[in-house]
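Architecture and fold: a report
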Amino acid sequence: MRQLIIAILCIMTALPSFGELKFKMLESNDSTTVITLKEKNMRKKAPATTSKLYNDGATYEAIEIKNSYENCCNVYKVAFPKQSVLNNTRIELTIDKKTITEEIWEQISKAALRHYPHLNGSQVLIIKPE
């Protein structure tokens, strides 16, 4: 019985597991839009290898992906070509050869409304602060 429990634990730790992917931050500069995502409840470091952004009916390949592992969470900073408007946005990440798609539009909208309560409508316009 003890060997069976040990075997099951070994199998569980060997299998890739994915936590919940959450939108953390949106940054924009002159040439790129960077989306930061955090994956909680991870048992191991799992780098993202590819990413796509689906925004306003178009698809964009990631320019750069930065992976880090902080406090049992994988953090992914993904840079895409500059986006001026976000509309019906979702992001796709390939982690450990598994593709995960996360609808981030609602999370971005809620974050924007917290900071700018006067906004309404279905699009978020990205304006670089001066």
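Every chain is numbered independently, its residues counted from 1 as its sequence is written. Side-chain atom pairs in this predicted model are given and counted only at pLDDT of 80 or more, local residue features only at pLDDT of at least 70, and totals for whole chains, interfaces and linings cover all residues. Neither water nor hydrogens contribute to the side-chain values; these are computed over all heavy atoms in the structure.

Here we come to the environment of Ile63. Helix and strand assignments follow DSSP, with helices taken as H or I runs no shorter than four residues and strands as E runs no shorter than two, numbered in order from the N terminus. In this structure, Ile63 sits in the loop between β4 (58–61) and β5 (64–70). Residues Ile63 and Ser51, 12 residues apart in the sequence, show an inter-C-alpha distance of 8.8 Å. Excluding its chain neighbours within four sequence positions, the residues that come into contact with Ile63 are Thr32, Ala79, Phe80 and Pro81. The contact rule is simple, with two residues in contact once any of their heavy atoms fall within 4.5 Å.

For two strands to be treated as a pair, DSSP must find at least two bridges joining them. One open sheet holds the four strands; their spatial order is β1-β2-β6-β5, and the pairing between them is antiparallel. Whereas interior strands pair on both sides, the edge strands pair on one side only; in this sheet they are β1 (21–28) and β5. Shown here is a sheet whose adjacent strand axes are inclined to one another by a mean of 20°, direction ignored. The pairing of strand β2 (residues 32–39) with strand β6 (residues 73–81) spans eight bridges and is classified as antiparallel. Residue pairing in the sheet places Thr32 in a bridge with Pro81 of β6. For every element, the axis is a line fit to its C-alpha atoms; helices are fit only across the contacting stretch, and the angle between N-to-C directions ranges from 0 to 180 degrees.

For Glu103, the location among the structural elements is in strand β9 (residues 98–103). Throughout, exposure labels follow a simple rule: accessible area from a 1.4 Å probe, protein chains only, divided by the maximum for the residue type, with under 20% read as buried, over 50% as exposed, and the rest as partly exposed. On the basis of relative accessibility, which here comes to 52%, the residue Glu103 falls in the exposed class. Considering only alpha carbons, one finds Glu103 and Thr89, 14 residues apart in sequence, at a separation of 6.4 Å. What Glu103 contacts, discounting residues up to four positions off in sequence, is Thr89 and Arg90.

Position of Asn55 relative to the elements: it lies in strand β3 (residues 48–55). Polar contact criterion, stated in full: a pair of N or O atoms within 3.5 Å, where within protein one must be able to donate a hydrogen and the other to accept it, and residues adjacent in sequence count only if both atoms are side-chain atoms. Looking at Asn55, its side chain comes within polar contact range of the main-chain oxygen of Val85, at 2.8 Å.

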